[in-house]
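# A look at the structure
So you can see what is in the structure, the chains are spelled out below.
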Amino acid sequence: GRAGMGKSILVQKICQDWSQGEFSQFEFVFWFECRRLNGIRKSFSLKDLLFEVFAKPQEKTEEVFRYVLRNPEKVLLIFDGFDELPDLDGFMNSSACCSFRDSGSIKELFAGLFQKRLLNGCAILITARTKEAFNPYLAKVDKIVEIIGFSSHQINTYISKYFAGTNFTTDALELIENNQFVLSYCYSPLICRFVCFVCELVLKTGDRDLPKTLTGLYLIVFQQLINRDNSIALQSNCSFIVKLLYLAWNSIQK
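Report on the accompanying structure. Numbers given for residues are sequential positions, taken from 1 along each chain in its written order. With the structure being a predicted model, the display of local features is reserved for residues of pLDDT at least 70 and the display and counting of side-chain atom pairs for 80 or more, all residues being used for whole-chain, interface and lining totals. Side-chain metrics rest on all non-hydrogen atoms present in the structure, leaving aside hydrogens and water.

## Observations concerning unusual backbone geometry
- With phi around 55 degrees, phenylalanine 23 is a residue other than glycine that occupies positive phi space.
- Only DSSP runs of H or I reaching four residues or more are called helices, and only runs of E reaching two or more are called strands; each is numbered from the N terminus. As for its placement among the helices and strands, phenylalanine 23 is situated in the loop between helix 1 (7-19) and strand 1 (28-33).
- With a 1.4 Å probe rolled over the protein chains alone, any residue whose accessible area is under 20% of its type maximum counts as buried; one over 50% counts as exposed, and the rest are partly exposed. On the basis of relative accessibility, which here comes to 36%, the residue phenylalanine 23 falls in the partly exposed class.
- Residues other than glycine seldom take positive phi values, yet leucine 119 does so here, at roughly 50 degrees.
- Along the chain, the position of leucine 119 falls in the loop between helix 4 (106-114) and strand 5 (123-126).

This is the structure we're talking about:
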């Protein structure tokens, strides 16, 4: 699914449900945010990857690891944001760690998992923005699911739930529905969240106008996040923010 569609939220929900007894076929769930692994250059063993990069058991680490090795079918590995890893095309054919005793780079460990040389029998769940990220693996996967965002009914439901318990529900629905440009982007759960946030600010000030562009929407959200603590933060980071804006603009131009 595209950015903001809720892939990471879905993964979080799966982990939460598992912790509450759902997906009982798995005794272990390991969730890796791939963007956080990009800058890692040191070597890891499989045990390091599971218990240092992810989460270390409170006790009996070696005993837990041995159990994982003996029961790979009870393990679910989640790679969230898989397309943010470099050299995606090489995992199925590149050099790989072949034993849990081996140490290697993140890529070599992942290659060992994808080539089933490590934890053969475990389940792997991948999220990515583009279908192209999965092309090298299509022959290996059991199922592909695309998150396409909210339907019109779901948009109304989300807005109603966002403003539940306030006096703004009716006005918010009317204001957003009358702004077709903004409404057209609310299929994205993330943007719908931003729209509700800005709509709440607008209604609290007695205004009736929403931003006419996505840039205007993002700018209001950004300003509110900066000002949330105090105005000093905005003043002290003003030059940095300007540089960030220039970087974003230049990247768009290229």
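## So, the packing of aromatic side chains
- Two aromatic rings from Phe, Tyr or Trp, using only the six-membered ring of Trp, form a pair when their centres are within 6.5 Å; if the ring planes differ by under 30 degrees the pair is stacked, by over 60 it is edge-to-face, and anything between is tilted. In the structure shown here, the tally under the stated rule is 13 aromatic pairs.
- Considering the side-chain rings of phenylalanine 181 and tyrosine 185, the 5.3 Å spacing of their centres and the 65 degrees angle between planes classify their relative orientation as edge-to-face.
- Since its relative accessible area comes to 35%, phenylalanine 181 is described here as partly exposed.
- Through pairs of rings, three or more aromatic residues link up here, namely Phe28, Phe30, Phe51, Phe65, Tyr67 and Phe100.

## Here we look at the side chain of threonine 127
- Inspection of the secondary structure assignment puts threonine 127 in the loop between strand 5 and helix 5 (152-162).
- Under the rule applied, a polar contact is a pair of N or O atoms within 3.5 Å (in protein, one hydrogen donor and one hydrogen acceptor; residues adjacent in sequence only if both atoms are side-chain atoms). A distance of 2.5 Å separates a polar atom in the side chain of threonine 127 from a polar atom in the side chain of aspartate 80.

## Thoughts on helix 4
- Across the 9 residues that make up helix 4, a large majority, 7, are buried.
- Within the span of helix 4, buried status applies to Ile106, Leu109, Phe110, Ala111, Gly112, Leu113 and Phe114.
- Looking at the buried side of helix 4, the elements it contacts are strand 2 (44-45), helix 2 (46-54), strand 3 (75-80), strand 4 (103-104) and strand 5.
- Phi turns positive one or two residues past the end of helix 4, at lysine 116, with a value near 65 degrees. Throughout, a residue-residue contact means that at least one pair of heavy atoms, one from each residue, lies within 4.5 Å.

## Describing the pattern of salt bridges
- Only one rule defines a salt bridge in this text: a Lys or Arg side-chain nitrogen within 4 Å of an Asp or Glu carboxyl oxygen. Taken as a whole and judged by the stated rule, the model has 6 salt bridges.
- For glutamate 62, the salt bridge goes to lysine 47, with nearest N and O atoms at 2.6 Å. Within this pair, whereas glutamate 62 is found in helix 3 (residues 61-70), its partner lysine 47 is found in helix 2, the two being separated by 15 residues in sequence.
- Residue classification places glutamate 62 among the partly exposed positions, given a relative accessible area of 36%.
- The class of lysine 47 is partly exposed, set by a relative accessible area of 25%.
- For the salt bridge of arginine 66 with glutamate 62, the shortest nitrogen-to-oxygen distance reads 3.2 Å. Separated by 4 residues within a single helix, arginine 66 and glutamate 62 lie in helix 3, roughly one turn from each other.
- Here the salt bridges share partners, and the residues they tie into one network are Lys47, Glu62 and Arg66.

## Here we look at a nonpolar patch on the surface
- A surface patch of nonpolar side chains, amounting to about 310 Å² of accessible area, comprises Phe240, Leu244 and Leu247.
- Counting through the fold element by element, phenylalanine 240 comes out in helix 11 (residues 238-253). Two distance rules govern patches: like charges are joined within 9 Å, and nonpolar side chains (Val, Leu, Ile, Met, Phe, Trp, Tyr) within 5 Å, applied only to residues with over 30% relative accessible area and no salt bridge. Using a 1.4 Å probe, the Shrake-Rupley method yields the accessible areas, and only the shown protein chains count as cover for residues.

## Considerations on the sheet that holds strand 1
- Judged by pairing direction, the sheet is parallel, and its 3 strands sit side by side in the order 1-3-5 without closing on themselves. The outermost strands of the open sheet, each flanked by one partner alone, are strand 1 and strand 5. Here the strands of the sheet are splayed against their neighbours by 15 degrees on average, with no regard to which way each runs.
- Relative to strand 3, strand 1 runs parallel, the two being bridged by 6 bridges. By the bridge assignment, tryptophan 31 is partnered in strand 3 with isoleucine 78.
- All axes here are fitted lines through C-alpha atoms, helices being fitted over the stretch that makes contact, and every angle between N-to-C directions spans 0 to 180 degrees. Sheet strands touched by helix 2: strand 1 and strand 3. Its angle to strand 1, the strand with the most contacts, is close to 70 degrees.
- Across the sheet, helix 4 lies against strand 3 and strand 5, angled at about 130 degrees from strand 3, the strand it touches most. Pairing between strands is defined by DSSP: at least two bridges between the two strands are required.

Keep in mind these values describe shape, not function.
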